[in-house]
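Topology and contacts: notes
So the chains spell out like this:
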Number of protein chains: 2
Amino acid sequence: MTAPYRRPVLPPTLADVADRAGVSRQTVSNALNNPALLRPDTLARVQDAIAELGYTPNRAARNLRTRSSRLIGLRHPPAHEGTADALMDRFVHSLVDRCRQSGYHVLLFAGDDADPSVGYEELVNSTAVDAFVVTDTFLGTPQTTWLERQRVPFVAFGRPWESPSAKHPWVDVDGAAGGALAARHLLAVGRQRIAWLGWRKDSRIGEDRRSGWTAAVREAGLPTTGLAARVDDTLSSGREGAAMLLDEARPDAILCASDTLAMGALHALAERGITPGRDVAVVGFDDSQAAQLVPGGLTSVRLPLEEVAIEVVAALEGLLARPPMLLPPRLLEPTLRVRGTSAAR
Amino acid sequence: MTAPYRRPVLPPTLADVADRAGVSRQTVSNALNNPALLRPDTLARVQDAIAELGYTPNRAARNLRTRSSRLIGLRHPPAHEGTADALMDRFVHSLVDRCRQSGYHVLLFAGDDADPSVGYEELVNSTAVDAFVVTDTFLGTPQTTWLERQRVPFVAFGRPWESPSAKHPWVDVDGAAGGALAARHLLAVGRQRIAWLGWRKDSRIGEDRRSGWTAAVREAGLPTTGLAARVDDTLSSGREGAAMLLDEARPDAILCASDTLAMGALHALAERGITPGRDVAVVGFDDSQAAQLVPGGLTSVRLPLEEVAIEVVAALEGLLARPPMLLPPRLLEPTLRVRGTSAAR
DNA sequence: ATGAAAGCGCTAACAA
DNA sequence: TTGTTAGCGCTTTCAT
């Protein structure tokens, strides 16, 4: 049952490399961290020794010495079943990829939904990570205020809605621009009564997206009153909200705050025998897999998560540079993926 | 009388705790790692000091000393756009959650798709992680054979298809059982001509799932010949494959190797005005968000990813225990989520 | 049950 | 340009 699953020999150390190259340990360290200091022939000799031994610096030792781990902490929130929030997956991948290019790795930790600061504190005090990426600023900002007070470096994906005076770096996507983009697209394909199916009023992200709809529709001289519904972000709420809109407001398009709601709207249309895209257009938000896969295809606002990751890592590097450099907030523009539910007629 | 505490710039160290508690550093270390050695009153005094100072052991120092990082490496593969493989998200979350309960954290790294060993090697040599979770065994096993030869501890999610003699721990889901489960369900709701829409023959996972379909259908004395199509795992391939089956084989049910293919099949049905679940049943694999959200709902085989994570972490703990214990492979049973596309008639 | 000493592998500061 | 010294914070002997 037991097996010798440990590596047979210990990995080579910096001292081994120094011996082999016939130089001191410090010279090897310099070859790694400050190669310009070495004479070319010495550098080459050291690099040969490194290659021959397959040497890689021991991270624990380096971390201990430099007081930095080159690890970025990211709380991995539970995926909500039955919703279309596969955003995280795309973002995490982009983040991991950009981090690699900067020599960082991503450390995932599970937070407590009740007390969001719980995971952060332990990782900070144990110097396990150099900084955090905080993604759930829509939950209010207990973490960010805590992190800020503790002077822990972090970059937020999401605006500090509750405390606009917060000075930490953040990157966000312009929801209002996305809402307007979608609304103008619907106007362009000939829709006149564009309804909004969104989240409850306490959602700042929801209100942001909604404001784009309001602005674009009014700009076209068309009505918004009586054409809005606010519900929870669930499939069934979306279906019920859309049903209500269809029965009471007679819209020819429904613009939704999320793909989850948009899929709910498609349910409502199907139940009434209404064809999406022909009779009533539907547009969602987030360009989820469901939007991409549903028969006919669901038009959706796509968040530029790859760009977000780039900006987040840039801000992180600024923060961790010496001296630290505080990059200004970045608000990125979403795009629109047009599919069958908003075909031109 | 205790002295007033002022939060220092640097986190408190073990020596700070020792000073405050009036004991030696080693006693504090023992309080942490071997509390049974201490006299109850000493232990209490140390714990008080730890709490007062908000002390958390420095991970780098501990890692350096113990030669372990309590980090588990996980390669985060790129999410394929336009497919329903949101599996990873659910699995990662379960894994992170279980790891926390065992005092581990998950380190994400981006691999190179061309040379899958690239990320692993650096992390191993730098002792950045104690072990790996390998998820993409369906790609063949360059990583696993490499890891095994390097004697790096790892647990695979996925069988060693190419090398059944491999002795590393692994956890997998029984695809054949899933295929049979879905097929029997379709038989139970009165379907007689159950087609298979699967991947190409070189996919071991696909052949595994398919074998369950074959067995269950034959067991019922019904035909399988002429009722199978093999395509790539894309939406359009699924649509085309389903279209071919519908036109040439007249099935009353299509069992698919993935939700992506199943969504493609729904496209094909929609184009023909065929109602899923009434005229032709459709069942997918993986219980993706698309399956949960698509109007009518897509019946799908659900992988027990939470259980997989539990077993993976258990195997990991065995591997990292001293002496190491090699847990036997685990093959877990999937379940079926019945939705509208396979309603009883 | 508690304490003293050593050292894990690395890099910052300084010396040569 | 290269080498020497010191020490990051912790745990592992071993001694008391």
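Counting restarts for each chain: residues are numbered from 1 in the order of the written sequence. As a convention, the first chain written is A and the first ligand written is 1, with the rest following in written order. Note on the predicted model: pLDDT of at least 70 is required for a residue's local features to be given, and 80 or more for side-chain atom pairs to be given and counted; whole-chain, interface and lining totals, by contrast, use all residues. Hydrogens are left out, water is left out, and the side-chain values use all remaining heavy atoms of the structure.

1. Some thoughts on the interface of chain B and chain A
The contact rule is simple, with two residues in contact once any of their heavy atoms fall within 4.5 Å. Of the residues lining the interface, 75 residues belong to chain B; the matching set on chain A comes to 68 residues. For the chain B and chain A pair, buried surface summed over both sides reaches about 6200 Å², with 60% attributable to carbon and sulfur atoms. Broken down residue by residue, the surface that chain B buries against chain A is led by D89, R151 and L293 of chain B, which jointly contribute 12%. For the purposes of these results, a polar contact is taken to be a pair of N or O atoms within 3.5 Å, where, inside protein, one atom must be able to donate a hydrogen and its partner to accept one; residues adjacent in sequence count only when each atom of the pair is a side-chain atom. Our count for the chain B to chain A interface comes out at 11 residue pairs in polar contact (both at pLDDT 80 or more). When contributions to the side of chain B that touches chain A are tallied by element, the ones reaching two or more residues are α4 (59-66), α5 (87-101), β2 (105-109), α6 (118-125), α11 (259-271) and α12 (289-293) of chain B. Under the grouping applied here, Gly and all other residues not named as nonpolar or charged are polar, the nonpolar ones being Ala, Val, Leu, Ile, Met, Phe, Trp, Tyr, Cys and Pro and the charged ones Asp, Glu, Lys and Arg. Grouping the amino acids of the side of chain B that touches chain A by side-chain chemistry returns 39 nonpolar, 21 polar and 15 charged. For two strands to be treated as a pair, DSSP must find at least two bridges joining them. Helix and strand assignments follow DSSP, with helices taken as H or I runs no shorter than four residues and strands as E runs no shorter than two, numbered in order from the N terminus. In terms of strand pairing, strand β2 (residues 105-109) of chain A meets β2 of chain B through three bridges, oriented antiparallel. Bridging across to β2 of chain B, L107 of chain A finds its partner in L107 of chain B. Here the quantity called buried area is the accessible surface, traced with a 1.4 Å probe, that two parts lose on coming together, added over both.

2. What about the pairing of strand β7 (residues 228-231) of chain A?
Residues and elements named next belong to chain A. Here β7 shows a buried face lined by A229 and V231 and an unburied face lined by A228 and R230. Across four bridges, strand β6 (residues 194-199) lies against β7 in parallel orientation. Bridged to W199 within β7 is V231. With strands facing away from the observer, any crossover in which the path from the first strand over the helix to the second runs clockwise is taken as right-handed. Considered for its hand, the β-α-β crossover made up of β6, helix α9 (residues 204-219) and β7 is right-handed. For every residue, the accessible area (1.4 Å probe, protein chains only) is compared with the maximum for its type, and the residue is labelled buried under 20%, exposed over 50%, or partly exposed between those bounds.

3. Re the relation of the copies chain B and chain A
Its rotation angle being 180°, the transformation that places chain B on chain A also includes 0.1 Å of axial translation and leaves an RMSD of 0.1 Å. Taken together, the rotation angle and the small translation identify this as a two-fold axis. Overlaid copies result from least-squares superposition on C-alpha atoms, with residues included only where pLDDT is at least 70 in both.

4. With respect to the protein's contact with DNA strand D
When at least one non-hydrogen atom of a residue lies within 4 Å of a molecule or strand, that residue is treated as near it. Neighbouring residues of DNA strand D: 25 residues in total, closest T42 of chain A together with L14, Y55, R62 and R65 of chain B. The contact atoms of DNA strand D, taken as those within 4 Å of the protein, divide so that sugar and phosphate hold 66%. Contact distances for DNA strand D include 2.9 Å between a base nitrogen and a side-chain N or O atom of R65 of chain A. For the surface near DNA strand D, the per-class residue count stands at eight nonpolar, 10 polar and seven charged.

5. Points about the packing of aromatic side chains
Residue and element names in this part refer to chain A. Only Phe, Tyr and Trp rings are paired, with Trp represented by its six-membered ring, and only when their centres lie within 6.5 Å; those with planes under 30 degrees apart are stacked, over 60 edge-to-face, the remainder tilted. In this structure the tally under the stated criterion is 10 aromatic pairs over all chains. Geometrically, the ring pair formed by F109 and F132 is edge-to-face, given 5.8 Å between the ring centres and 70° between the ring planes. Within this pair, whereas F109 is found in strand β2, its partner F132 is found in strand β3 (residues 131-134), the two being separated by 23 residues in sequence. The exposure classification of F109 matches that of F132, with both residues buried.

6. Considering the packing of helix α10 (residues 235-249) of chain B against α11 of chain B
Residues and elements named next belong to chain B. It is the contact of α10 with α11, at a shortest axis distance of 7 Å, that shows an interaxial angle of 55°. Here α11 runs oblique to α10, going by the angle between their axes. Note on packing geometry: the crossing formed by α10 with α11 is right-handed. Contacts from L235, G238, R239, A242, A243 and L246 in α10 reach T260, L261, M263, G264, A265, H267, A268, L269 and E271 in α11. Residue composition of the contact of α10 with α11, by class: nine nonpolar, four polar and two charged. Inter-axis angles, ranging from 0 to 180 degrees, are taken between N-to-C directions of lines fitted to C-alpha atoms, where helices are fitted over the stretch in contact. Note on angle classes: values under 35 degrees are labelled roughly parallel, values over 145 roughly antiparallel, values of 65 to 115 roughly perpendicular, and the remainder oblique. Each crossing gets its handedness from the near helix: less than a right angle anticlockwise from the far helix is left-handed, clockwise is right-handed.

7. Thoughts on the environment of P35 of chain A
Inspection of the secondary structure puts P35 of chain A in the loop between α2 (25-33) and α3 (40-53). In contact with P35 of chain A, not counting residues within four places along its chain, are N30 and L43 of chain A.

8. Here's the deal with helix α13 (residues 305-320) of chain A
Residues and elements named next belong to chain A. Working rule for helices: expected span equals 1.5 Å times residues minus one. Counted at 1.5 Å a residue, the expected span for α13 with its 16 residues is 22 Å, and the 22 Å between its end C-alpha atoms agrees. Buried within α13 we find L305, V308, A309, E311, V312, V313, A315, L316, G318 and L319. Contact partners of the buried residues in α13: β1 (71-75), α5 (87-101), β3, β4 (154-157), β5 (170-173) and β11 (330-332).

9. Examining the packing of α5 of chain B against helix α13 (residues 305-320) of chain B
Residues and elements named next belong to chain B. At their nearest, the axes of α5 and α13 sit 8 Å apart, and the two run at 45° to each other. When the interaxial angle is binned, α5 and α13 end up oblique. Seen along the crossing, α5 lies across α13 with a hand that is right-handed. Facing α5, whose interface residues are L87, R90, F91, S94, L95, R98 and C99, α13 presents L305, E306, V308, A309, I310, V312 and V313. Along the lines of polarity and charge, the residues of the contact of α5 with α13 split into 10 nonpolar, one polar and three charged.

10. With respect to the UniProt feature "domain: HTH lacI-type" (unreviewed entry) in chain A
In this numbering, the UniProt entry assigns the feature "domain: HTH lacI-type" (unreviewed entry) to residues 12-66 of chain A. Spanning residues 12-66 of chain A, this segment combines 71% helix with 0% strand, and its end C-alpha atoms are found 20 Å apart. UniProt positions are given in the numbering used here, feature names are shortened, and annotations may be inferred rather than shown by experiment.

11. A closer look at the sheet that holds strand β10 (residues 299-302) of chain A
Residues and elements named next belong to chain A. The strand order across the open sheet formed by six strands is β7-β6-β8-β9-β10-β12, and the pairing between neighbours is mixed. One side of each edge strand has no neighbouring strand; the edge strands of this open sheet are β7 and β12 (335-337). Taking each pair of neighbouring strands and ignoring which way they run, the sheet shows an average axis angle of 20°. Summarising the sheet, strand β8 (residues 253-256) and strand β9 (residues 281-285) pair through three bridges and their orientation is parallel. By the bridge assignment for β9, I254 is matched with V282. The strands touched by helix α8 (residues 175-188) are β6, β8, β9, β10 and β12; relative to β9, the strand with the most contacts, the crossing angle is about 165°.

12. Digging into the protein's contact with DNA strand C
Around DNA strand C, the surrounding shell holds 26 residues, and the nearest of these are L14, Q26, Y55 and R62 of chain A together with T42 of chain B. Taking all atoms of DNA strand C within 4 Å of the protein, the share assigned to sugar and phosphate is 61%. At 2.8 Å, a side-chain N or O of R25 of chain A approaches a base nitrogen of DNA strand C. Contact distances for DNA strand C include 3.0 Å between a phosphate oxygen and a backbone N or O atom of N58 of chain A. Within the residue set of the surface near DNA strand C, elements represented by two or more residues are α2 and α4 (59-66) of chain A together with α2 (25-33) and α4 of chain B. Looking at the surface near DNA strand C, the element that brings in the most residues is α4 of chain A, giving five residues. Looking at the surface near DNA strand C, its residues break down into nine nonpolar, 10 polar and seven charged.

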